[in-house]
Amino acid sequence: MRFMTSILTLALGLAFVGCDDSIYDEQAEQVRDSAQQQAADIRDSADAVAENTRESAEQMADNLEQRYESAKPAVEDAAEEKADAIEAWGEEKADAVETAGENKADQIEVEGEETADALEEIDDESVE
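Owing to the predicted nature of the structure, the values given are computational and were not obtained by experimental measurement.

K.L.:
Would you mind going over the overall build of the protein chain with me for this structure?
P.N.:
Along the protein chain, the regular secondary structure elements total three helices and zero strands. When the helices and strands of the protein chain are placed in sequence order, the string is α-α-α. Counting the 128 residues in the protein chain, one finds 20% classified as buried. Contacts in the protein chain between residues at least 24 apart in sequence constitute 83% of all its contacts with a sequence separation of at least 6.

Pasting the structure below:
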């Protein structure tokens with residue numbers, strides 16, 4: 001019984017020692033976690049849109065090439081050039097989506113970090 005009481009007392013003591021985070025520290029951590037999750041979601045979404053754009057442009061280009069593959073050489077060459085232009089356009093559009101998503105995600109992370117730092121500063125000021 002004494003052993004059990006000692007263990008319980010030790011566990012409670014360790015629990016209280018580990019509780020040195022203030023409410024502001026906890027809020028700051030939640031803000032950081034939330035900002036990082038939002039940023040990850042934005043990146044994932046932008047990547048998915050970009051991939052769909054690439055696939056769509058590639059499909060359009062393939063369809064165009066297939067349509068004119070048995071045409072006269074000059075017509076077939078023109079179709080291939082047009083298909084290449086479609087693929088290039090799709091790649092540029094996809095890259096722009098990825099860049100915009102990355103920029104937005106980075107901004108959310110910066111704002112989250114600034115908010116979290118401000119919360120921690122409030123905590124530091126209240127301790128002094």
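K.L.:
Would you mind showing me how to read helix α2 (residues 23-67) here?
P.N.:
Compared with an ideal rise of 1.5 Å per residue, which puts 45 residues at 66 Å, α2 spans 66 Å between its outermost C-alpha atoms and is within 8% of the ideal. One side-chain oxygen at the N-terminal end of α2 lies 3.2 Å from the backbone nitrogen of Tyr24; it belongs to Ser22.

K.L.:
Looking at this structure, how should I read a negative patch on the surface?
P.N.:
The grouping of Asp41, Asp44, Asp47, Glu51, Glu55, Glu58, Asp77, Glu80, Glu81, Asp84 and Glu87 at the surface amounts to a negative patch. Breaking the negative patch down by element, the ones donating at least two residues are α2 and α3 (73-127). Looking at which element gives the most residues to the negative patch, the answer is α2, with six residues. One can find Asp77 in helix α3. The exposure class of Asp77 is partly exposed, given its relative accessible area of 42%.

K.L.:
How do you make sense of the side chain of Arg54 when you look at a structure like this?
P.N.:
Mapped onto the elements, Arg54 comes out in helix α2. At a separation of 3.0 Å, a polar atom in the side chain of Arg54 contacts the side chain of Glu91.

K.L.:
Could you clarify how one ought to interpret the pattern of salt bridges in this entry?
P.N.:
Where charged atoms of side chains with opposite charge meet at close range, the side chains can pair. Under the criterion given, the structure shown has nine salt bridges. Between Glu109 and Arg43 there is a salt bridge, with its nearest N and O atoms 3.2 Å apart. With a gap of 66 residues between them, Glu109 in helix α3 and Arg43 in helix α2 connect regions that are remote in the sequence. Put simply, Glu91 and Arg54 hold a salt bridge, and the shortest N to O gap is 3.0 Å. Taken together, the residues span a long stretch of sequence, with Glu91 in helix α3 and Arg54 in helix α2 at a distance of 37 residues. Sharing partners across several salt bridges, the network here consists of Arg32, Glu113, Asp117 and Glu120.

K.L.:
Can you walk me through the nonpolar core in this structure?
P.N.:
Generally speaking, nonpolar side chains in soluble globular proteins are found buried as a group. Formed by Ala57, Ala61, Leu64, Ala79, Ala83 and Ile86, the largest nonpolar core amounts to six residues. Elements with a contribution of two residues or more to this core: α2 and α3. With sequence-adjacent residues up to four places away left out, Leu64 is seen in contact with Ala79, Lys82, Ala83 and Ile86. Among the nonpolar cores identified, the runner-up in size contains five residues, and Ala35, Ala39, Ala105 and Ile108 belong to it.

K.L.:
Before we go on, may I ask you to explain the environment of Glu65 in this structure?
P.N.:
When you line up the elements, Glu65 lands in helix α2. A residue is classified by how much of its surface remains accessible, and Glu65, at 28% relative accessible area, is partly exposed. Excluding residues that lie within four positions of it along the chain, Glu65 makes contacts with Glu80, Ala83 and Asp84.

K.L.:
So what exactly am I meant to see when it comes to the environment of Leu64 here?
P.N.:
Among the structural elements, Leu64 can be located in helix α2. According to the relative accessible area criterion, Leu64 is buried, its value standing at 12%. Note: C-alpha distance between Leu64 and Ile86 (22 residues apart in sequence) is 9.6 Å.

Rules behind the numbers
All chains use their own residue numbering, which begins from 1 and follows the written sequence. Given that this is a predicted model, residues contribute local features only at a pLDDT of at least 70 and side-chain atom pairs are listed and counted only at 80 or more, while totals for whole chains, interfaces and linings are drawn from all residues. Side-chain descriptors were evaluated using all non-hydrogen atoms of the structure, hydrogens and water having been removed beforehand. We count a stretch as a helix when DSSP gives it H or I for four or more residues in a row; a strand needs E for two or more, and each element gets its number in order from the N terminus. Relative accessibility under 20% of the residue-type maximum defines a buried residue, over 50% an exposed one, and the middle range a partly exposed one, all with a 1.4 Å probe and only protein chains included. Any pair of residues with heavy atoms lying within 4.5 Å of one another is described as a contacting pair. The span one expects for a helix is its residue count, reduced by one, times 1.5 Å. Identification of polar contacts relies on pairs of N or O atoms within 3.5 Å, with a donor-acceptor requirement for protein atoms, meaning one able to donate a hydrogen and the other able to accept it, and with residues adjacent in sequence counted only if both atoms are side-chain atoms. Residues form patches when they are more than 30% accessible in relative terms and have no salt bridge. Like charges link within 9 Å. Nonpolar side chains (Val, Leu, Ile, Met, Phe, Trp, Tyr) link within 5 Å. Per-residue and other accessible areas follow the Shrake-Rupley method at a 1.4 Å probe size, with only the shown protein chains counted as cover for residues. The rule for a salt bridge is simple: a side-chain nitrogen of Lys or Arg has to be within 4 Å of a carboxyl oxygen of Asp or Glu. Charged residues are defined here as Lys and Arg on the positive side and Asp and Glu on the negative side; His and the ends of the chain fall outside this count. Lys charges are placed at NZ, Arg charges at CZ, Asp charges at CG and Glu charges at CD. Here, the term nonpolar core denotes a set of buried Ala, Val, Leu, Ile, Met, Phe, Trp, Tyr and Cys residues that are joined through side-chain atoms within 4.5 Å.

Keep in mind these numbers describe shape, not what the thing actually does.
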